[in-house]
Amino acid sequence: MVENHHLKPATTEERRIYYREEWNVEEIPDFIKNSLDKREFGFDHLGRGPNDRYRVFGSLDLLRKFLRYRTPFAAYSSVAFYEKPRRRDGWIKSELVFDVDAKDIPLRKCNCKGVCEVCLNQAQEIVCSLMDILEGDLGLNDIHVIYSGRGYHLRVLDESVMKMSSEVRGQIVKYIIGAEVPQSEYAGDGMTYKLEHFSLPFGYPQVFTERVKYAILHITESTEIDGVNNKLLKDVIKYCKYINDDEWGLFRGKVGPIRYQRLIKGIASLNMGWVDAKVSIDLKRILRLPSSLHSMVSMKCMEVNNLENFDPFRDAVPRFVYERK
Amino acid sequence: MVSVAFINPLSVEGRQVVREMGNLDSFREENGDIINVVIHTRSQDISDEESIPHNYLDLAVKRLEWYIKKRNDPNFDYNKYSFLFNYKITRFDVISFYLLCQAVGVKFGPNSRESRAMVESQGKLMESRLSEFSRIDREELIKKILDSLLNDERVKWTFFEDILSSHKLKLEDLVMDHGNIILNKEDFIESFSSKIQHRDPDKIYNMMIGDKIKELIMNRMIMQKTEDYIYKVHQKSRREIEPNPILLELAEKVSNVLSESFTSYGYKVGVNGEVKAAPLNSNAFPPCVKLVLEGMKSGGRNDAIILFFTPFVSYARLYPDVFRKNVTVKVSDVDPNLSVVQNEILPLVYGAAEQCTPPLFEDQPQEKVNINAKLGFGMHTTVDLKHEGESIWYTPMSCEKVKLHLPSLCKPDKTCKRIGNPLSYYIRKLWESGETNGDHEGNEE
Ligand code: SF4
Ligand SMILES: [Zn+2]
């Protein structure tokens, strides 16, 4: 285990040590290796953004050599598959991705400037629950979790979604993060019934309920939520034990129905922050290459096979960090 | 029994009707059978000769007019269109549906306001027609139609890719279990009854799914098929020589119906009401634009100024009617010597950039180039007519896009409920305050 203050940028020398002595090309996940010649690669050599783009590698060995000798600051590959990746032309399909950056998530329990164990843990929880919905509701398979160095990428290679448009991807994002308050009035037999999201334990209302629960249990006095004033914030904290026990009706009663409505509306808009939606709707993004080094924080970007047992501070720290003074 | 073609003209039954239809030229001629059905429809207003269609062309026009008037005309008289809800009209109605689609497809194509109106009117017409049936009949019709639309009992949500993509359907509207859409009570009970406590799963099913989702899916699928059909006609017509004059005549009439009273993107304009370019009124700006003016924090600064604000102010100032006009223009078409761009738009954009913390151009002066690019002047450091056209004049982001790209900007107020684009918000506000130059006939709520 390393302490946070070791997460400082890697020096050029350390990058060299990493790529020449520790890194192994075989650690690139199969889902990338199998489609190597269809993807665009991009590199950041100087730490000023990935300016070296439109790279294509005909074989794994060429990629291996490139990384060994150039030891870039950062390496990326496209989520898109192209007929002509060198020109980013002839788009075939793209992975569906969700980017959860621990630095940017709402309701962070820590106050760290970059990332730390606390917020990374939170990111991990979110990723788990997003996975549940992708599988349980949407029935998607072939989902890979990548530790990015500062958070997680969920990369879906299920063929049934890879050709989908940005619009549909946008809808998926909004669904899984709970970006909208579900309707609460339902008509049937000429009558209108009121049913709050928490009394419907399936479908989108359930997704939303889980998000609201998470939010309420993580709210602190300094949290900022649209339309929620200090008084309401205090009451939410005061009564949050009811949510812990899933006593939603009681909680809503204590807070009052109008203020409850205001609260969940605010939470819905806060939910937009769980993932970076821009990444999900961009069919031509490049994402950090698993196995490569995140030089800014000196951590490995890597595929995570067992999310529950994954600890970035144990599993994603390159050897050279331990040798630092 | 009612034919499913009454609801779905694109069904096998509907297509059968079209196959039997006669020569296009006869469609202008007075048709006694049509008149007969119309005047024998219960509650049909026959006092006014104008409201009785005499031939197929009339009927087609009325079919669309019903929808447009219903939306916009405060004095809309339902009884003038009762015949549309008489199932005996089916045969003629189906033919007029195809005529409309063909006319729109040939003349305007799939991305036109005419096409949009046609598709929406079909959706509304199906909805209204179904609501007039008894519950049992309605259920049966929906079931029949859905069965033919969905070949399989088990439908995955991915099957609805196109209606999700065009936002005709929201993913949240569907109830799913491992990718399958739950439509039948048996499936619902099997998937969820164990989770439902203190309530009767049967009842919950009826409320949440029942016929509602089925009807919604059916409706949206047929709307999509209508759109697809218009697209097909359009593609085909481009390969053919002369379109039939009857179709062109009908297209003209359709266009007139829309211009007379058209609602687009939720804002209303009167008879031929144009929204003309005029100096900006910041009081009418939507909440998202006001927020940008207040200054952005570093995250999202670039996108907010370049992708969001620049297109918004430039169109709001120079070409607010962009979404109604269905023609793309260049900045110089509306600001020939670029004086408005230089004296009003760029200063406003730069001002907003200055408000950011840190000011945008301080650390990223190169972004000025991107602003010029979004105005259509290519990647250059100045706006110059000789570079115009090297890039396109970026149209304003829709609210949907804002919510995805720049979620922190969207703080919707009451007016936002009625619009889909910040620009429409602006126009609506102007209009409400009586500031547009259009003719303000129409209903003001
Ligand atoms: S709904 Fe649209 S116009 Fe209103 S604040 Fe959001 S983005 Fe702006
Ligand atoms: Zn932290």
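Scroll up for the structure.
Residues numbered from 1 in each chain as written. Chains lettered and ligands numbered in written order. Predicted model: local features only at pLDDT ≥ 70, side-chain atom pairs only at ≥ 80, totals over all residues. Heavy atoms only, no water.

(A) Layout of the packing of aromatic side chains. Following the criterion strictly, the structure yields 36 aromatic pairs over all chains and no others. Seen from their ring centres, Phe198 of chain A and Trp248 of chain A are 5.6 Å apart, and the 15° between their planes marks the pair as stacked. Of the two residues, Phe198 of chain A sits in the loop between β10 (191–194) and α7 (203–218) while Trp248 of chain A sits in helix α9 (residues 248–255), which places them 50 residues apart along the sequence. When the ring of Phe202 of chain A is compared with that of Phe192 of chain B, the centres are 4.8 Å apart and the planes differ by 20°; the resulting orientation is stacked. With Phe202 of chain A in the loop between β10 and α7 and Phe192 of chain B in helix α8 (residues 185–192), this residue pair bridges two chains. Phe192 of chain B carries the same exposure label as Phe202 of chain A, and that label is buried. An aromatic cluster is defined as three or more aromatic residues linked by ring pairs; in this entry it consists of Trp66, Phe76, Tyr78, Tyr81 and Phe85 of chain B. (Phe/Tyr/Trp six-rings, centres within 6.5 Å; stacked < 30°, edge-to-face > 60°. Helix = DSSP H or I, 4+ residues; strand = E, 2+ residues; numbered from the N terminus. Buried < 20%, exposed > 50% of the residue type's maximum accessible area, 1.4 Å probe, protein only.)

(B) Molecular detail of α7 of chain A. Residues and elements named next belong to chain A. The first and last C-alpha atoms of α7 sit 24 Å apart over 16 residues, in line with the 22 Å expected at 1.5 Å per residue. For α7, the tally of buried residues reaches 12 of 16 residues, placing the bulk of the element in the interior. If you check which residues of α7 are buried, you get Gly203, Tyr204, Pro205, Val207, Phe208, Thr209, Arg211, Val212, Tyr214, Ala215, Ile216 and His218. (Expected span 1.5 Å × (residues − 1).)

(C) Spatial organisation of a positive patch on the surface. Residues and elements named next belong to chain B. Together, Arg15, Arg19, Lys225, Lys232, Lys236 and Arg239 make up a positively charged patch on the protein surface. Among the elements of the structure, α1 (12–19) and α10 (210–239) are those that each provide at least two residues to the positive patch. With respect to the helices and strands, Arg15 occurs in helix α1. In this structure Arg15 comes out as partly exposed when scored by relative accessible area, which is 42%. (Patch = residues over 30% accessible without salt bridge, like charges linked within 9 Å, V, L, I, M, F, W, Y side chains within 5 Å. Areas by Shrake-Rupley, 256 points an atom, 1.4 Å probe, with all protein chains shown as cover. Salt bridge = Lys/Arg side-chain N within 4 Å of Asp/Glu carboxyl O. Lys, Arg positive; Asp, Glu negative; His and termini not counted. Charge placed at Lys NZ, Arg CZ, Asp CG, Glu CD.)

(D) The arrangement of the sheet that holds strand β7 (residues 143–147) of chain A in detail. Residue and element names in this part refer to chain A. Spatial ordering of the open sheet is given by β6-β8-β7-β14, a layout of 4 strands whose pairing is antiparallel. Among the strands making up the open sheet, the edge pair consists of β6 (96–101) and β14 (302–304). The mean angle between the axes of side-by-side strands here comes to 30°, regardless of whether they run parallel or antiparallel. The sheet contact formed by β7 and strand β8 (residues 151–156) spans 5 bridges and is antiparallel. Along β8, the bridge assignment pairs His144 with Arg155. Most of the contacts of helix α4 (residues 117–136) go to β8, to which it runs at about 15°, and overall it touches β6, β7 and β8. (Pairing = 2+ DSSP bridges. Axes fitted to C-alpha atoms, helices over the stretch in contact; angles between N-to-C directions. Contact = heavy atoms within 4.5 Å.)

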